[in-house]
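The primary structure of each chain is shown beneath.
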Amino acid sequence: MPELPEVESVVRGLRDDVVGCSFTCFETTWPRQIRPYTPKAFASRLVGQRIITLGRRAKYIVFTLSDDVLFVHLKMTGRLYIKEKWPDEDDTYVRARFGLDDGNELLFSDMRKFGRIQLVADAEEITGSLGPEPLSDSFTLDDFRDRLTQRQGTIKPLLMNQQFVAGVGNIYADESLWLARIDPRRKADTLNSEEIERLYDAIRKVLEAGIAREGASVNWYRKPDGTTGSQQNYFYVYDQVDKPCPRCGSLVHKIRLGQRGTHFCPTCQV
Ligand SMILES: [Zn+2]
C-alpha cells in the first residue's frame, strides 16, 4: 500500500496540473468507492467546484475545493493521474473519471477496487481521529515520547496505527525500526529514552528519504507520470529477506507480526 512518501509524491506530481481547475463532470464504473453517494448525487455536488489547493494528510490525497473537501485514498492499487500525461493508453482498471475545465481528465485507476473517494463539507469527518503528521514541525520528540509512553502494544503495529502517527505503513515501519536498532516485537512501553529518540529521528529520516526518492515502487505504486519511484533500491531490510544486514552482515529475517510481513535484523535490532 502506498504510504506517506508515495502519497506525497503523487500530490507533488499532480499539483501543478489540477490546482485552479474546476470539475466539469464525474463518472464511475465502481459506485461503491464513492459511498454513501450515488454517482449522480456525487457528480451534481462536485461539478462546478474549483480546486483551491492539493495536499496530503496521512495517506489521503486532499483536494480543498471551493465548497467541499475531496479525499482520495489509494489503498492497495489506486493510481491517480492526468490521462493526457499517462504513458499507457489502455488502462483497463480506470474506475472513475473527473473532467477538468482545462480539457484534461483526472483518472482514478484501481485494480483491486479497495480505493475510496470521499466528498465532505468538513475535513474533520475524515481526518479528525488521525495522529500527528510525522514530518510536521508540531510533531516534536516530547510529543512522540508522551504518546509512546501511554501505549502498551507492540511497537511495529503501533507505528502503523494511523491514530498514533499518520502515514507510516509496513515498509517505513520496518525501515525506521531497523535504523533505530529496535526489535519490531518490543512492547512500546519498554523503550528507554535513548531508544525513543533514535526511533523518532529514524521515522523522520526514512520518510524524508522516501519522499526525496519519490516513493518505493515495490508493486503497484507509480508517480502520476507513470514512472516508478526509486526508494525500493535503497531498502535496509524491507523485502531483503536472507540478504545481509547493511549494518552487521547478519541475514535479514522475515516474520509475521500483527498479520504483516516484518523484516528485521535478528542481531543488531534488540
Ligand atoms: Zn544487523
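Data block above holds the structure.
Keep in mind the model is a prediction, meaning the values are calculated, not measured.

### Examining the layout of surface pockets
In step 1: In this structure, the largest pocket encloses a volume near 340 Å³.
In step 2: Split into classes, the residues belonging to the lining of the largest pocket amount to 11 nonpolar, six polar and six charged.
In step 3: Of the volumes computed, that of the second largest pocket is approximately 170 Å³.
In step 4: Lining of the second largest pocket is provided by S9, R12, G13, L14, D17, I82, K85, I211, E214, K223, P224 and D225.
In step 5: Looking at the lining of the second largest pocket residue by residue, the class counts come to four nonpolar, two polar and six charged.

### Some words on the packing of aromatic side chains
In step 1: Counted by the stated rule, this structure contains 14 aromatic pairs.
In step 2: An angle of 35 degrees between the planes, with centres 5.5 Å apart, marks the rings of F139 and Y200 as tilted. Of the two residues, F139 sits in the loop between α3 (124–127) and α4 (141–149) while Y200 sits in helix α7 (residues 193–212), which places them 61 residues apart along the sequence. Y200 carries the same exposure label as F139, and that label is buried.

### Brief notes about α4
In step 1: Within α4 the residues assigned to the buried category are L141, F144 and L148. Buried residues along α4 cover an arc of 60 degrees about the axis, so they all sit on one side.
In step 2: Considering only its buried residues, α4 is in contact with α5 (155–160) and α7.

### Here we look at the side chain of R79
In step 1: The residue R79 is located in strand β5 (residues 78–82) in this model.
In step 2: For the buried R79, no salt bridge is present, and the opposite-charge side chain at shortest range is D91, 5.3 Å distant.
In step 3: A polar contact is formed between the side chain of R79 and the backbone oxygen of W220, at a distance of 2.8 Å.
In step 4: What R79 contacts, discounting residues up to four positions off in sequence, is L74, W86, L107, F108, S109, W220 and R222.

### Thoughts on the environment of F114
In step 1: Its place among the elements puts F114 in the loop between β7 (105–110) and β8 (116–120).
In step 2: Sequence separation between F114 and R32 is 82 residues; the distance between their C-alpha atoms is 9.3 Å.
In step 3: For F114, the contacting residues outside a window of four places in its chain are K75 and M76.

### Focus on the coordination of the zinc ion
In step 1: Distances from the zinc ion to its protein donors, C245 (SG), C248 (SG), C265 (SG) and C268 (SG), fall at 2.2 to 2.3 Å.
In step 2: Coordination at the zinc ion is tetrahedral, judged from the four donor atoms that bind it and the angles of 99 to 120 degrees they form at the metal.
In step 3: According to the relative accessible area criterion, C268 is buried, its value standing at 16%.

### A word on the sheet that holds strand β2 (residues 51–57)
In step 1: Read from one edge to the other, the open sheet built from four strands follows the order β2-β3-β4-β8, with strand pairing classed as antiparallel. If you trace the sheet from one side to the other, it starts and ends with β2 and β8, each paired once. Taken pair by pair, the neighbouring strands of this sheet meet at an average axis angle of 20 degrees, ignoring direction.
In step 2: Both strand β4 (residues 69–73) and β8 contribute to a ladder of five bridges, which runs antiparallel. Paired with V69 across the bridge in β8 is V120.
In step 3: Lying over the sheet, helix α2 (residues 39–46) contacts β3 (60–65), β4 and β8, oriented at roughly 55 degrees with respect to β8.

### Observations regarding the packing of helix α6 (residues 170–179) against α7
In step 1: For the pair α6 and α7, interaxial distance at closest approach is 8 Å and the crossing angle is 130 degrees. By the angle between their axes, α6 is oblique relative to α7. Regarding α6 and α7, the two cross each other, and that crossing is right-handed. Along the contact surface, α6 presents Y172, E175, S176, L177 and L179, while α7 presents L199, A202, I203, K205, V206, L207 and G210.
In step 2: Here the contact of α6 with α7 is built from residues that sort into eight nonpolar, two polar and two charged.

### Here's the deal with the pairing of β5
In step 1: Within β5, five of the five residues are buried, which leaves the element mostly enclosed by the surrounding structure.
In step 2: Where β5 and β7 come together, five bridges link them in antiparallel fashion. The partner of Y81 across the bridge, within β7, is L107.

### Focus: unusual backbone geometry
In step 1: Cis peptide bonds are those with omega within 30 degrees of zero, and the linkage from R35 to P36 qualifies with 10 degrees.
In step 2: The backbone phi angle of K75 is positive, close to 45 degrees, even though this residue is not glycine.
In step 3: Along the chain, K75 falls in the loop between β4 and β5.
In step 4: Within the chain, Q259 stands out as a residue other than glycine whose phi angle is a positive 65 degrees.
In step 5: By the element assignment, Q259 lies in the loop between β9 (253–257) and β10 (260–264).

What counts and how
Residues numbered from 1 in each chain as written. Predicted model: local features only at pLDDT ≥ 70, side-chain atom pairs only at ≥ 80, totals over all residues. Heavy atoms only, no water. 1 Å grid on protein atoms, 1.4 Å probe; cavity = no way out; pocket = protein on both sides within 12 Å on 5 of 7 lines; lining within 4 Å. Points joined across faces, edges and corners; volume = space filled by probe spheres on them. Nonpolar A, V, L, I, M, F, W, Y, C, P; charged D, E, K, R; others polar. Phe/Tyr/Trp six-rings, centres within 6.5 Å; stacked < 30°, edge-to-face > 60°. Helix = DSSP H or I, 4+ residues; strand = E, 2+ residues; numbered from the N terminus. Buried < 20%, exposed > 50% of the residue type's maximum accessible area, 1.4 Å probe, protein only. Arc of directions from axis to C-beta. Contact = heavy atoms within 4.5 Å. Lys, Arg positive; Asp, Glu negative; His and termini not counted. Salt bridge = Lys/Arg side-chain N within 4 Å of Asp/Glu carboxyl O. Polar contact = N/O pair within 3.5 Å; in protein donor to acceptor, adjacent residues only side chain to side chain. Donors = N, O, S within 2.8 Å, 3.2 Å for Na, K, Ca; no water. Tetrahedral: all angles 85-135°; square planar, octahedral: opposite > 155°, others 65-115°. Pairing = 2+ DSSP bridges. Axes fitted to C-alpha atoms, helices over the stretch in contact; angles between N-to-C directions. Parallel < 35°, antiparallel > 145°, perpendicular 65-115°, else oblique. Left-handed = near helix turned anticlockwise from the far one by under 90°.

Function cannot be inferred from these measures alone, as they are strictly geometric.
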